[in-house]
Amino acid sequence: MIAWLGTGLMGAGFVRALRKRGVDVNVYNRNADKAKALEAEGARAFASPADAVRGADVVHITLSDDAAVDAVLEAAMPGLAPGTTIIDHTTVAPTPVLARHKRLTDAGFRFQHTPMFMGPQNALESTGIMLASGPKTTFDELQPMLAPMTGNLVYLGERIDKAAAFKLFGNMMLVTIFGGLADVFTMAKALDIDPVDAHSLFATFKPGGAIDMRGAKMAKGDFAAAFELTMARKDVRLMIEETARHGMALNLMPALAAHMDAVIAAGHGSEDVGVLAYDAVTRA
């Protein structure tokens with residue numbers, strides 16, 4: 001039997017998918033109504049984490065952050081049987097994952113962190129990407145259970161905190177894209193260009209390809225110039241100044257401009273704009 005702690009949008013999607021496959025599931029949510037709603041799907045809702053996990057072989061967790069995971073796990077402890085497998089899908093920080101893994105394994109439980117690039121519909125339809133890292137023996141035993149929950153189960157290796165790091169890498173890129181788009185739409189508004197019209201540029205110009213091409217060169221410390229940093233800095237100046245002429249301000253570009261200025265001052269202005277990563281990727 002499976003217990004699921006945290007039945008918000010993601011957790012509820014997973015529970016519904018499990019019930020469609022005929023899996024018995026106990027559920028708990030800090031908002032009891034969200035857990036109760038899943039009784040219509042055949043799940044059993046409980047008022048406490050300890051009651052929800054009692055008798056479960058596997059406990060899945062989908063919560064908001066590290067503090068919530070630790071609090072709910074602490075409350076679940078009285079109901080956990082020795083050797084229970086605990087699978088945490090929550091997006092959390094790498095350092096607490098290391099501490100959580102040690103604490104739980106020292107207490108006689110088996111712990112696997114498996115964050116996801118998935119939305120509620122992915123959880124319901126078993127699509128999207130699920131990451132995992134940690135002991136290979138644990139992953140190999142859990143793989144038959146995890147694979148049907150996602151479209152792509154990716155094992156990243158033995159390092160326990162690597163899946164947590166990679167999930168944040170992915171989300172960092174996403175929020176950077178969204179922040180960049182917000183600046184595009186801000187500048188468009190300043191220039192009286194409809195945001196839908198501004199967005200149409202990206203039907204033909206697709207900057208995402210730079211992640212593969214320039215990103216691979218950056219990661220290797222290859223800064224041979226294709227777009228000099230000084231020229232990129234000039235363009236950022238134009239963006240900031242033109243938007244300001246119309247009484248508006250960009251959000252990301254000023255911070256990026258400050259970093260560009262520091263890297264140029266360090267003598268890298270004639271190198272490729274990818275040299276912004278110089279301190280991060282160059283090796284002594």
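In the block above lies the structure referred to throughout.
To keep things clear, this report deals only with the structure shown in the data block. Quick caveat: nothing in here was measured; it's all calculated off a predicted structure. (Residues numbered from 1 in each chain as written. Predicted model: local features only at pLDDT ≥ 70, side-chain atom pairs only at ≥ 80, totals over all residues. Heavy atoms only, no water.)

So, on to the pattern of salt bridges. In this structure the tally under the stated criterion is 15 salt bridges. Here D70 and R103 are joined by a salt bridge, their closest N and O atoms 2.9 Å apart. Taken as a pair, D70 in helix α4 (residues 66-76) and R103 in helix α5 (residues 94-106) lie far apart in primary sequence, 33 residues in all. By relative accessible area, which is 29% here, D70 ends up partly exposed. Between D140 and K136 there is a salt bridge; the shortest N-O distance is 2.8 Å. Linking D140 with K136, this pair stays in helix α7 (residues 136-146), spanning four residues, or about one helical turn. K136 sits in the partly exposed class, given a relative accessible area of 36%. Members of the salt-bridge network, linked through shared partners, are D66, D70, R100 and R103. (Salt bridge = Lys/Arg side-chain N within 4 Å of Asp/Glu carboxyl O. Helix = DSSP H or I, 4+ residues; strand = E, 2+ residues; numbered from the N terminus. Buried < 20%, exposed > 50% of the residue type's maximum accessible area, 1.4 Å probe, protein only.)

A cluster of nonpolar side chains, namely M173, L174, V175, I177, F178 and I211, defines an oily patch on the protein surface of about 550 Å² accessible area. For the nonpolar patch, the element with the most residues is helix α8 (residues 162-190), which contributes five residues. Considering the arrangement of structural elements, one finds I177 in helix α8. The class of I177 is partly exposed, set by a relative accessible area of 40%. (Patch = residues over 30% accessible without salt bridge, like charges linked within 9 Å, V, L, I, M, F, W, Y side chains within 5 Å. Areas by Shrake-Rupley, 256 points an atom, 1.4 Å probe, with all protein chains shown as cover.)

Compared with an ideal rise of 1.5 Å per residue, which puts 17 residues at 24 Å, helix α11 (residues 229-245) spans 24 Å between its outermost C-alpha atoms and is within 8% of the ideal. Those residues of α11 that fall on the buried side of the exposure criterion are L229, A232, R233, V236 and T243. Seen from one end, α11 has its buried residues packed into an arc of 100°, which puts them on one side. For α11, the elements touching its buried residues are α8 and α12 (252-268). Positive backbone phi, approximately 80°, marks G247, located one or two places after α11. (Expected span 1.5 Å × (residues − 1). Arc of directions from axis to C-beta. Contact = heavy atoms within 4.5 Å.)

Once that is clear, we can look at the environment of G108. Along the polypeptide, G108 turns up in the loop between α5 and β6 (110-113). Owing to a relative accessible area of 39%, G108 belongs among the partly exposed residues under this scheme. If we ignore the near neighbours within four places in the chain, the residues touching G108 are P82 and G83.

Relative to strand β9 (residues 152-155), strand β8 (residues 129-132) is paired through four bridges, and the arrangement is parallel. Bridging across to β9, L131 finds its partner in V154. After leaving β8, the chain enters α7 and then returns to the sheet as β9, a path that is right-handed. (Pairing = 2+ DSSP bridges. Right-handed = clockwise from strand over helix to strand, strands pointing away.)

Relative to the helices and strands, F139 is located in helix α7. Of the residues examined, F139 reaches a relative accessible area of 7% and is grouped as buried. In the structure, F139 is positioned 26 residues away from H113 in sequence and 9.8 Å away in space, judged by C-alpha atoms. With sequence-adjacent residues up to four places away left out, F139 is seen in contact with Q112, A132, L153 and Y155.

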